[in-house]
Protein chains: 4
Amino acid sequence: MNTAKATVLENFNAPLATRDYPLPQPEPGAALVRTEMAGICGTDVHLWKGELPIALPVILGHETVGHIEQLGPGLDKDWSGQPLTIGDRVTWTSATSCGKCYYCAEKKQPTRCPNRRAYGIGYRCDEPPHFLGGYAEFHYLQPGVNVFKLPDDLPTESVIGAGCALITAIHGVERTGIQWRDTVVVQGAGPVGISALAVAKTAGAAKTIVIGGPANRLEMARRFGADHTFDIAEIKTPKERIDIVRELTGGYGADAVLECVGSPPAVVEGMEMCRDGGRYLVLGHYCNAGPVSFNPHVITRKQLHVIGSWSSEPRHMKGAIEFLRSTHNQFPFRDMITHRFDLNHCNEALATTASWQCAKSVIIPRLARA
Amino acid sequence: MNTAKATVLENFNAPLATRDYPLPQPEPGAALVRTEMAGICGTDVHLWKGELPIALPVILGHETVGHIEQLGPGLDKDWSGQPLTIGDRVTWTSATSCGKCYYCAEKKQPTRCPNRRAYGIGYRCDEPPHFLGGYAEFHYLQPGVNVFKLPDDLPTESVIGAGCALITAIHGVERTGIQWRDTVVVQGAGPVGISALAVAKTAGAAKTIVIGGPANRLEMARRFGADHTFDIAEIKTPKERIDIVRELTGGYGADAVLECVGSPPAVVEGMEMCRDGGRYLVLGHYCNAGPVSFNPHVITRKQLHVIGSWSSEPRHMKGAIEFLRSTHNQFPFRDMITHRFDLNHCNEALATTASWQCAKSVIIPRLARA
Amino acid sequence: MNTAKATVLENFNAPLATRDYPLPQPEPGAALVRTEMAGICGTDVHLWKGELPIALPVILGHETVGHIEQLGPGLDKDWSGQPLTIGDRVTWTSATSCGKCYYCAEKKQPTRCPNRRAYGIGYRCDEPPHFLGGYAEFHYLQPGVNVFKLPDDLPTESVIGAGCALITAIHGVERTGIQWRDTVVVQGAGPVGISALAVAKTAGAAKTIVIGGPANRLEMARRFGADHTFDIAEIKTPKERIDIVRELTGGYGADAVLECVGSPPAVVEGMEMCRDGGRYLVLGHYCNAGPVSFNPHVITRKQLHVIGSWSSEPRHMKGAIEFLRSTHNQFPFRDMITHRFDLNHCNEALATTASWQCAKSVIIPRLARA
Amino acid sequence: MNTAKATVLENFNAPLATRDYPLPQPEPGAALVRTEMAGICGTDVHLWKGELPIALPVILGHETVGHIEQLGPGLDKDWSGQPLTIGDRVTWTSATSCGKCYYCAEKKQPTRCPNRRAYGIGYRCDEPPHFLGGYAEFHYLQPGVNVFKLPDDLPTESVIGAGCALITAIHGVERTGIQWRDTVVVQGAGPVGISALAVAKTAGAAKTIVIGGPANRLEMARRFGADHTFDIAEIKTPKERIDIVRELTGGYGADAVLECVGSPPAVVEGMEMCRDGGRYLVLGHYCNAGPVSFNPHVITRKQLHVIGSWSSEPRHMKGAIEFLRSTHNQFPFRDMITHRFDLNHCNEALATTASWQCAKSVIIPRLARA
């Protein structure tokens with residue numbers, strides 16, 4: 001077992017290539033993990049298209065579960081203090097904050113730590129330790145990584161089905177500050193929107209309204225407990241959608257609106273869906289999708305709180321794991337996974353995600369073909 | 001004393017006219033006040049130009065101090081519980097919230113009460129009680145008005161020099177939540193900007209940076225204690241101004257940026273002046289100044305809190321009065337008044353404000369000519 | 001219909017007497033309501049025993065539902081703006097804040113308004129309008145009362161089963177600020193404790209632990225979804241109970257502990273159940289139950305937030321009504337009512353509550369005997 | 001230079017002894033500092049008396065400034081990112097949180113990190129590296145220490161005059177959340193009280209009232225800008241002192257009361273000095289001073305927020321340094337130092353602090369005798 005396979009993004013917009021790299025020996029504090037499942041996130045599609053400035057070649061994949069193959073000296077506990085041993089099933093945060101910089105230590109904004117680099121995004125794979133992305137047989141965990149042992153009663157499919165969307169949503173809803181019995185609108189029914197719905201419902205929301213599409217995603221939103229869902233393919237204009245929200249909120253607008261779309265015009269539309277003094281979360285704009293014509297008067301006049309939230313902290317991952325375990329009946333995140341591929345079919349997997357055909361595609365390196 | 005004079009906006013963009021109206025007898029809870037001084041707010045210029053949809057004719061003026069001429073039955077105490085008698089020098093909030101509606105009682109956003117109408121803006125003067133604006137010999141205070149007796153050691157010029165800008169700023173800074181030793185940027189050096197500077201400095205700000213113009217306003221900002229002032233006529237591009245703020249903040253941006261300009265591009269520029277995780281107050285957009293090209297990605301990426309604030313509550317007026325009295329040496333609001341006019345020269349007064357020649361113009365109905 | 005019956009507390013610790021009083025005609029803004037059901041609160045027992053300083057005679061009862069019999073001029077809408085007509089089933093807040101005082105208007109603490117007097121507690125009944133308490137055939141609603149029309153699909157028994165305990169708990173939990181996925185301990189399994197459990201669970205709590213008794217109340221706590229319940233009759237020492245909480249919380253203590261007991265030693269015990277940096281709500285000490293030996297060092301060392309909360313605001317009542325309607329399957333508040341009495345058996349009703357035999361006793365003036 | 005002198009607490013309540021220990025060579029990330037000045041904190045007196053459970057022998061002193069003598073490999077920047085070189089004048093936090101535990105990483109309460117040990121308190125000095133306290137010629141800084149280079153225009157006497165009292169107060173006031181124009185009472189005029197006064201005044205407080213003693217400390221409070229000071233030797237009963245506060249606050253009590261005394265009865269007294277809905281900080285109870293008879297009803301009835309705060313974080317030290325530098329004219333912390341001793345007179349220094357004769361005593365190892 002000297003080398004292992006990885007699927008590599010070598011050129012934007014071109015097929016991923018299969019490569020073999022030598023397996024690293026874990027240094028102190030590090031670990032080698034055998035990949036069980038890697039999620040494909042919408043961001044991977046943006047990366048593949050070259051819409052974010054990254055240095056190639058890269059092994060994509062920042063949502064991963066695996067089993068510990070080797071443990072470096074000193075790595076004997078997970079982030080929560082649980083003992084770690086060979087064979088344990090684990091997940092981890094894709095990025096690690098330094099804990100010492102201006103943003104980490106002084107301003108308590110660790111997700112904005114300039115020293116963060118994300119697995120599956122920010123590391124070239126043509127240098128050791130090579131295996132720093134999910135689309136591969138193995139994943140190397142560097143010293144300092146935030147690793148989480150998974151409880152036995154939490155299926156891997158729940159963890160990957162939730163993916164980075166859930167932890168992103170947990171952080172965003174935390175910053176938004178849902179109040180008890182708030183009426184909440186979620187713009188977008190993709191993984192982030194569905195996650196934000198689940199988190200908002202358990203953070204105090206009473207009435208929930210999801211506006212998005214297509215139909216199968218809205219069906220999933222209803223399974224997750226959305227009280228009202230509206231398909232943007234049917235309710236086609238912002239004005240109509242704003243009117244519907246007002247109608248469902250006594251004419252005032254929602255207490256909180258959570259943007260999980262990533263489309264700039266959705267922000268303009270969503271602010272109008274807030275009641276005066278309401279809260280508006282801009283969560284979906286992880287990527288730069290360009291400008292929109294916007295009138296700042298609305299923020300003053302409606303006395304809004306507009307909140308941004310970037311990525312997540314390890315404590316959100318810990319919360320997510322406990323949440324997934326204890327609410328699996330209410331929120332079937334595992335059913336978000338609709339398509340499974342082995343390592344040789346990563347291109348098909350990416351294409352499926354890119355086409356919005358699925359809720360979620362995953363890579364299973366050892367997938368047994370039926 | 002059966003009639004009194006008022007200066008009336010009868011047609012947009014046309015000279016104000018002098019009219020005589022019968023003086024009302026105060027009904028229960030009401031009062032008649034003899035105007036001592038009425039401030040001219042930048043909003044009055046917008047109203048005169050017809051930029052806000054109001055029903056004419058109107059007596060302009062929503063920043064007023066006067067002496068009680070008659071008290072209606074039952075009005076024996078001011079908002080703070082102090083006894084009221086004939087002759088007392090008073091001011092009042094221009095608008096009164098109902099205290100019972102969805103916004104007042106349920107959502108605690110009384111400044112967004114739909115039942116508010118503002119003196120000097122929202123009342124026709126061709127109907128009794130006619131005198132519901134400041135540019136007149138008398139002002140009628142309707143039942144329920146929030147009236148404040150002024151302490152003897154607080155000059156009228158301080159109150160009107162501060163005007164509605166100060167209470168607006170107090171509310172805005174309260175919502176923003178300045179932290180102890182924050183670095184604060186104020187965009188704009190007009191009355192609202194100067195007020196926001198004074199409030200921010202006493203709410204915990206350490207380093208303060210004012211960006212605006214013209215030179216005489218920046219000079220006033222320095223008298224109010226601004227650590228750094230920059231003239232937009234000299235530092236001409238947003239990029240240069242953003243760079244200056246970053247340079248003064250260790251490369252990160254300010255903890256809080258307070259927009260007191262009302263120009264949409266200032267909002268785009270100001271968000272970039274915030275550090276990640278910082279706070280951005282949109283305070284200057286009381287009027288609709290139209291849209292701007294804006295990229296919502298900045299809110300997510302920088303993890304911003306963007307806050308709107310509309311008008312003010314009576315408790316802010318009470319705070320303002322105590323603040324003006326106890327800090328007059330530090331913050332010379334009275335010196336904001338640079339031009340004085342009698343009732344016959346209201347058009348000149350408005351023109352002076354419109355030309356930005358002054359810090360503040362006021363109407364003094366009984367002004368003694370030198 | 002010139003007079004009606006009321007049950008009157010004339011002397012502390014003595015049987016209530018039945019009296020007839022003339023029915024008042026509603027003045028403007030007032031209403032006369034025919035009592036359908038009046039709840040008996042634990043506070044009523046304290047009042048009956050003379051443990052609170054009130055002026056007798058008094059008609060007890062501050063949790064009431066009835067049907068509008070007469071409407072005074074001008075009272076045409078309920079607190080939420082819904083139209084009111086004769087026959088409507090309504091409830092109301094027992095006390096009304098003035099909206100104008102230092103606490104109402106300046107400090108936003110309306111429950112501490114010094115002008116509040118509570119129906120069923122603070123009004124003598126030997127003066128008109130007499131009917132200002134629940135244990136009577138009719139209830140007079142004074143001008144300014146906060147009245148709420150009840151939705152048809154919300155049974156009266158749910159409203160009275162929840163009683164003032166629920167609105168008190170809503171206010172208390174709001175002030176405490178439960179965070180998403182907090183572990184929450186509720187001290188006490190009486191009406192306030194059960195209500196606090198329900199509110200905490202829907203405000204974000206994950207694991208919930210109820211410590212109280214007797215067994216039937218803990219059974220009710222489990223029906224309301226408590227994850228763990230402990231009977232103080234079985235786990236007899238504070239140390240044991242603190243140890244149990246620590247064991248269930250990884251050794252640290254709970255994120256939030258809600259005191260709903262009213263016993264001073266419970267406060268000392270409860271603070272030790274908090275994790276460091278946790279939140280402790282003192283909600284049960286509506287009455288003065290005397291002092292306890294307490295070491296303030298614990299607040300510094302554990303870096304606690306200790307929060308008091310008094311009574312509730314009308315918006316909490318509105319929230320309660322919507323909450324009861326939409327969560328009746330999850331939280332069977334109607335089943336809290338275990339004993340029903342007619343007006344002639346108010347003494348038995350009080351005695352039942354005093355003996356803690358029941359979850360909740362109620363008065364139904366027209367109760368049909370089986 | 002193989003050994004250096006230290007003053008050592010070997011037995012409680014016995015004179016400190018002078019000892020020589022071998023000087024350590026800095027390991028990677030560590031440093032050796034030549035002590036310029038070490039402050040004597042009231043806690044040192046408690047430690048000397050054996051009132052806190054520590055393992056002897058110990059070099060006392062947890063407020064220290066010195067010059068870098070040797071730098072271990074890799075320690076090239078201070079906590080704020082400034083370059084470090086031999087000879088730099090520095091200070092540091094006495095304790096270091098681990099950054100990884102439940103309290104550091106999950107609950108964001110790093111001051112409650114169980115892995116903290118404080119210099120001058122928690123380290124035996126009979127083992128290498130020996131020099132982990134301030135009363136010595138040298139101080140060793142272990143890897144991971146939070147070290148701060150001092151600006152040239154900030155005198156050492158300001159830093160030590162402020163001592164750990166200032167950073168404790170900064171943290172405490174931050175948790176309390178002073179609002180703009182709050183009336184604030186400070187209980188206690190010792191170093192923590194004076195510091196809390198300075199921080200509260202710059203965090204938004206308007207009227208400030210200090211209650212303490214003796215006279216010279218109250219004189220210092222007035223120099224720091226206290227609007228009112230009251231001597232507990234003159235105003236002898238809690239009731240009188242509470243009445244005075246109420247009189248100065250319109251009969252209501254203060255918005256915030258900061259306990260900086262450490263005496264349990266002060267807590268009972270102080271809560272009554274708060275207005276309803278006010279905030280009460282328990283900051284002075286770093287040590288266990290035993291219980292007091294306390295009625296929890298006051299917390300419910302007055303709807304209080306009671307806040308504990310323990311120690312401080314490195315960011316508070318950074319804030320303190322900038323604060324001291326920029327406000328030295330307003331807040332003469334350097335004048336807090338009233339007594340200076342060399343290493344041979346540590347016992348006299350401790351005795352002076354213990355007798356409350358001084359504002360602050362310090363150790364200057366190289367003190368030149370006049």
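Treat the numbers as computed from the prediction; the structure is a model and nothing was measured.

Re the overall build of chain A
In terms of helices and strands, chain A carries 10 helices and 16 strands. In terms of overall dimensions, chain A has a C-alpha envelope of 65 × 45 × 40 Å along the principal axes. Among the 370 residues that make up chain A, the fraction classed as buried is 63%. Looking at chain A alone, contacts between residues at least 24 apart form 69% of all its contacts between residues at least 6 apart. Summing over all exposed atoms, chain A offers an accessible surface of approximately 13,300 Å²; the carbon and sulfur share of this is 50%. The centroid of the 37 positive side-chain charges in chain A is displaced by 3 Å from the centroid of its 37 negative side-chain charges.

Some details on helix α10 (residues 346–354) of chain A
Residues and elements named next belong to chain A. Buried within α10 are the following residues: C346, A349, L350, T352 and T353. All buried residues of α10 project into a common sector of 160 degrees when viewed along the axis, lining one side. Of the residues one or two after α10, W356 is the one with positive phi, at around 60 degrees.

Thoughts on the packing of aromatic side chains
One pass over the structure, following the stated rule, counts 46 aromatic pairs over all chains. Taken together, a centroid distance of 3.6 Å and an interplanar angle of 10 degrees make the contact between A:Y102 and B:Y252 stacked. Remark: B:Y252 occurs in the loop between α6 (238–247) and β11 (254–259) and A:Y102 occurs in helix α2 (residues 102–106); the pair is interchain, linking two chains. Ring centres of C:Y286 and C:W310 lie 4.3 Å apart, and the angle between their planes is 10 degrees; on these two criteria the pair is classed as stacked. Remark: C:W310 occurs in the loop between β14 (305–308) and α9 (314–326) and C:Y286 occurs in the loop between β12 (274–282) and β13 (292–294); sequence separation between them is 24 residues. Residue classification places C:Y286 among the partly exposed positions, given a relative accessible area of 32%. For C:W310, a relative accessible area of 13% translates into the label buried. By the ring-pair criterion, three or more aromatic residues cluster together here, those being A:W180, C:F224, C:F323, C:F331 and C:F333. Directly above the ring of B:W180 sits B:R181, whose terminal nitrogen or CZ lies 5.9 Å from the centroid.

Topic: the relation of the copies chain D and chain C
Between the two chain copies there is a screw-like relation: a rotation about an axis and a shift along it. For the pair chain D and chain C, the relating rotation is 180 degrees, the translation along its axis is 0.0 Å, and the fit reaches an RMSD of 0.0 Å. In the structure described here, the two chain copies are related by an operation that fits a two-fold rotation axis.

Re the interface of chain A and chain B
Opposite the 42 residues of chain A that make contact, chain B presents 42 residues. A buried area of about 3,800 Å², summed over both sides, lies between chain A and chain B, and 53% of it is on carbon and sulfur atoms. Across the contact surface, chain A and chain B share four salt bridges. The shortest N-O distance in the salt bridge between B:D276 and A:R112 comes to 2.6 Å. The interface formed by chain A and chain B contains 27 residue pairs in polar contact (both at pLDDT 80 or more).

Section: the relation of the copies chain A and chain B
Note on the identical chains: chain A maps onto chain B by a rotation of 180 degrees and an axial translation of 0.0 Å, with an RMSD of 0.0 Å. Both copies share a contact surface, since 100% of the interface residues of chain A are interface residues in chain B too.

Focus on the side chain of A:E106
Its location among the elements puts A:E106 in helix α2. Note on A:E106: relative accessible area 16%, which makes it buried. Discounting residues that sit within four places of it in the chain, A:E106 has contacts with A:C101, D:W79, D:R315 and D:K318.

Concerning the interface of chain D and chain C
Counting residues at the interface gives 42 residues for chain D and 42 residues for chain C. With both sides pooled, the region where chain D packs onto chain C buries about 3,800 Å², and carbon together with sulfur makes up 53% of that total. Taken together, the links from chain D to chain C amount to four salt bridges. For the pair chain D and chain C, the number of links is 27 residue pairs in polar contact (both at pLDDT 80 or more). Tallied by class, the residues present in the side of chain D that touches chain C amount to 18 nonpolar, 16 polar and eight charged.

Regarding the sheet that holds strand β8 (residues 184–187) of chain B
If you walk across this open sheet you meet the 12 strands as β10(A)-β9(A)-β8(A)-β11(A)-β12(A)-β14(A)-β14(B)-β12(B)-β11(B)-β8(B)-β9(B)-β10(B), and the pairing is mixed. The open sheet terminates on both sides in strands that have one partner only, identified here as β10 (228–231) of chain A together with β10 (228–231) of chain B. Across the sheet, the mean angle separating the axes of adjacent strands is 15 degrees when strand polarity is ignored. Of the strand pairs in this sheet, strand β12 (residues 274–282) of chain A and strand β14 (residues 305–308) of chain A are connected by four bridges, and their pairing is parallel. Counted as the bridge partner of A:L281 is A:I307 from β14(A). Across the sheet, helix α3 (residues 156–176) of chain B lies against β14 of chain A together with β11, β12 (274–282) and β14 (305–308) of chain B, angled at about 150 degrees from β12(B), the strand it touches most.

Details of the environment of B:Y123
Residue and element names in this part refer to chain B. Along the chain, the position of Y123 falls in the loop between α2 (102–106) and β6 (138–141). Of the residues examined, Y123 reaches a relative accessible area of 14% and is grouped as buried. Spatially, the C-alpha atoms of Y123 and P57 are 8.3 Å apart, while their sequence positions differ by 66 residues. Apart from residues lying up to four places away in sequence, Y123 is in contact with P57, V58, R117, A118, L132 and Q142.

Describing the pattern of salt bridges
Taken as a whole and judged by the stated rule, the model has 84 salt bridges over all chains. Across the pair C:K107 and D:D255 runs a salt bridge whose closest N-O atoms are separated by 2.8 Å. In this pair, C:K107 is assigned in the loop between α2 (102–106) and β6 (138–141) and D:D255 in strand β11 (residues 254–259), connecting two distinct chains. A residue is classified by how much of its surface remains accessible, and D:D255, at 6% relative accessible area, is buried. Several salt bridges converge on common partners, so that one network encompasses A:K108, D:E174, D:E313 and D:R315.

Quick notes on the environment of A:L9
Residues and elements named next belong to chain A. Positionally, L9 belongs in the loop between β1 (3–8) and β2 (17–22). Judged by its relative accessible area of 0%, L9 is buried. Once the C-alpha coordinates of L9 and L47 are considered, the two residues, 38 residues apart in sequence, prove to be 9.0 Å apart. The contact partners of L9, leaving out residues within four places of it in the chain, are L16, L47, W48, I54, L56, P57, V58 and L60.

Calculation criteria
- Residues numbered from 1 in each chain as written.
- Chains lettered and ligands numbered in written order.
- Predicted model: local features only at pLDDT ≥ 70, side-chain atom pairs only at ≥ 80, totals over all residues.
- Heavy atoms only, no water.
- Helix = DSSP H or I, 4+ residues; strand = E, 2+ residues; numbered from the N terminus.
- Buried < 20%, exposed > 50% of the residue type's maximum accessible area, 1.4 Å probe, protein only.
- Contact = heavy atoms within 4.5 Å.
- Areas by Shrake-Rupley, 256 points an atom, 1.4 Å probe, with all protein chains shown as cover.
- Lys, Arg positive; Asp, Glu negative; His and termini not counted.
- Charge placed at Lys NZ, Arg CZ, Asp CG, Glu CD.
- Arc of directions from axis to C-beta.
- Phe/Tyr/Trp six-rings, centres within 6.5 Å; stacked < 30°, edge-to-face > 60°.
- Lys NZ or Arg CZ within 6 Å of the ring centre and 35° of its normal.
- Least-squares fit on C-alpha atoms with pLDDT ≥ 70 in both.
- Buried area = accessible area lost by both parts, 1.4 Å probe.
- Salt bridge = Lys/Arg side-chain N within 4 Å of Asp/Glu carboxyl O.
- Polar contact = N/O pair within 3.5 Å; in protein donor to acceptor, adjacent residues only side chain to side chain.
- Nonpolar A, V, L, I, M, F, W, Y, C, P; charged D, E, K, R; others polar.
- Pairing = 2+ DSSP bridges.
- Axes fitted to C-alpha atoms, helices over the stretch in contact; angles between N-to-C directions.

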